[in-house]
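Structure at a glance
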Amino acid sequence: MLPGLLLMAWWFRRRSEPDKELAELTVAAELGDDVAMGNLAAGLHAKGDRDGALHWWGRAWAAGNVVAGFNLGMLHAVAGDSNRAQVIWKKAAALGDPDAMLGLVKQALERGDAAGVERWAPVILAQDEAFPITALGVAFRDCGDLERTMQVFLRAEELGDGYAMEYRARLLDGWGRHEEADALRARAATAERML
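Computed from a predicted model, the values in this text were never measured in an experiment. (Residues numbered from 1 in each chain as written. Predicted model: local features only at pLDDT ≥ 70, side-chain atom pairs only at ≥ 80, totals over all residues. Heavy atoms only, no water.)

**Here's the deal with the overall build of the protein**
Assigned secondary structure in the protein consists of 11 helices and zero strands. Each helix and strand of the protein, placed in order from N terminus to C terminus, yields the pattern α-α-α-α-α-α-α-α-α-α-α. Taken across its 195 residues, the protein has 38% of its residues classed as buried. Sequence separation of at least 24 residues holds for 36% of the intrachain contacts in the protein that already meet a minimum separation of 6. When the accessible area of the protein is evaluated, it comes to approximately 11,200 Å², of which 57% is carbon and sulfur surface. (Helix = DSSP H or I, 4+ residues; strand = E, 2+ residues; numbered from the N terminus. Buried < 20%, exposed > 50% of the residue type's maximum accessible area, 1.4 Å probe, protein only. Contact = heavy atoms within 4.5 Å. Areas by Shrake-Rupley, 256 points an atom, 1.4 Å probe, with all protein chains shown as cover.)

Here is the structure:
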């Protein structure tokens, strides 16, 4: 086969694999598999099919898939419907989803709602998942609360998150505390090598 034809055959095969995967997910989703529903929604969203994603994340959420609830809320938030996102995220957060809690904290920070922040930030910090904790620190940083930012990044560092260490090092650099920042980056590099 000519090189161009090989490339074309490879391209068509690669292109049809996601379609085949979406077809398989559709079958499983229509049979009631809430994980397949969520994965199908994610695949449709990646292809730019917002309506399809909305439909399947909605069905997955109705079937009890908490991750789908977060994603459904995010889809509404991105579309500008923060009220609908908040309603969904409150339900998902009550079921323990840290990403939904983070979404609620970000909304509360945007509104200047201290009670909303205090409702969910401590719950995120009490968990043992570094990513939502680091993301909480970024949210505090983005709204200018650097004291809380540092406290939150320290909590994420306790869980070994190198990203939180890097973010905190950047803040230290900004304050002219370069030696402390360099030492923190060295710790982050060591932590990454140990993973």
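**Re the nonpolar core**
Residues Leu 40, Trp 56, Trp 57, Val 105, Ile 124 and Leu 136 are the most contacted members of the largest nonpolar core, which totals 50 residues. Not counting chain neighbours up to four residues away, the residues in contact with Trp 56 comprise Ala 29, Glu 30, Met 37, Leu 40, Ala 41 and Leu 44. (Core = buried A, V, L, I, M, F, W, Y, C linked by side-chain atoms within 4.5 Å.)

**Concerning the pattern of salt bridges**
Within the structure shown, the criterion is met by 14 salt bridges. Among the salt bridges present, the one from Arg 111 reaches Asp 113, with a minimum N-O distance of 3.0 Å. Asp 113 sits in the partly exposed class, given a relative accessible area of 25%. The salt bridge partner of Glu 166 is Arg 170, with a shortest N-O separation of 3.2 Å. Of the two residues, Glu 166 and Arg 170 are both situated in helix α10 (residues 162-174); the distance of four residues between them amounts to about one turn of the helix. (Salt bridge = Lys/Arg side-chain N within 4 Å of Asp/Glu carboxyl O.)

**Here's the deal with the layout of surface pockets**
When its volume is computed, the largest pocket comes out at roughly 240 Å³. Lining the largest pocket are 13 residues, and of these Met 74, Trp 89, Leu 102, Gly 103 and Lys 106 sit closest to its centre. Breaking the lining of the largest pocket down by element, the ones donating at least two residues are α4 (66-78), α5 (82-94), α6 (98-111) and α8 (130-142). Here the lining of the largest pocket takes six residues from α6, the largest share from any one element. Taken together, the residues of the lining of the largest pocket sort by class into seven nonpolar, three polar and three charged. (1 Å grid on protein atoms, 1.4 Å probe; cavity = no way out; pocket = protein on both sides within 12 Å on 5 of 7 lines; lining within 4 Å. Points joined across faces, edges and corners; volume = space filled by probe spheres on them. Nonpolar A, V, L, I, M, F, W, Y, C, P; charged D, E, K, R; others polar.)

**What to know about helix α3 (residues 50-62)**
Between its first and last C-alpha, α3 extends 18 Å over 13 residues, near the 18 Å set by a 1.5 Å rise per residue. Taken together, the buried positions of α3 are occupied by Gly 52, Ala 53, Trp 56, Trp 57, Ala 60 and Trp 61. Looking straight down α3, one finds its buried side chains confined to an arc of 155°; they lie on one side. Opposite the packed face of α3, turned more than 90 degrees from it, sit the exposed residues Asp 51 and Ala 62. Just downstream of α3 lies Gly 64, where phi reads positive at about 105°. (Expected span 1.5 Å × (residues − 1). Arc of directions from axis to C-beta.)

**A short note on the side chain of Gln 86**
Within the element layout of this structure, Gln 86 appears in helix α5. According to the relative accessible area criterion, Gln 86 is buried, its value standing at 18%.

**Considering the environment of Met 101**
Note that Met 101 resides in helix α6. As a C-alpha pair, Met 101 and Gln 86 span 15 residues in sequence and 9.8 Å in three-dimensional space. Not counting the four nearest positions on each side in its chain, Met 101 is found in contact with Ala 93, Gly 96, Trp 120, Val 123, Ile 124 and Gln 127.

**So, the packing of aromatic side chains**
A complete count under the given rule lists two aromatic pairs for this structure. Ring centres of Phe 70 and Trp 89 lie 5.9 Å apart, and the angle between their planes is 15°; on these two criteria the pair is classed as stacked. Of this pair, Phe 70 sits in helix α4 while Trp 89 sits in helix α5, and the two are 19 residues apart along the sequence. In this structure, Phe 70 and Trp 89 share a single accessibility class: buried. Above the ring of Trp 120, the side-chain terminus of Arg 119 is found at 3.8 Å from the ring centroid. (Phe/Tyr/Trp six-rings, centres within 6.5 Å; stacked < 30°, edge-to-face > 60°. Lys NZ or Arg CZ within 6 Å of the ring centre and 35° of its normal.)

**Digging into the environment of Ala 191**
As for its position among the elements, Ala 191 is in helix α11 (residues 178-194). Classification of Ala 191 as buried rests on a relative accessible area of 18%. Here the alpha-carbon distance between Ala 191 and Met 165, two residues 26 residues apart in the chain, equals 9.9 Å.

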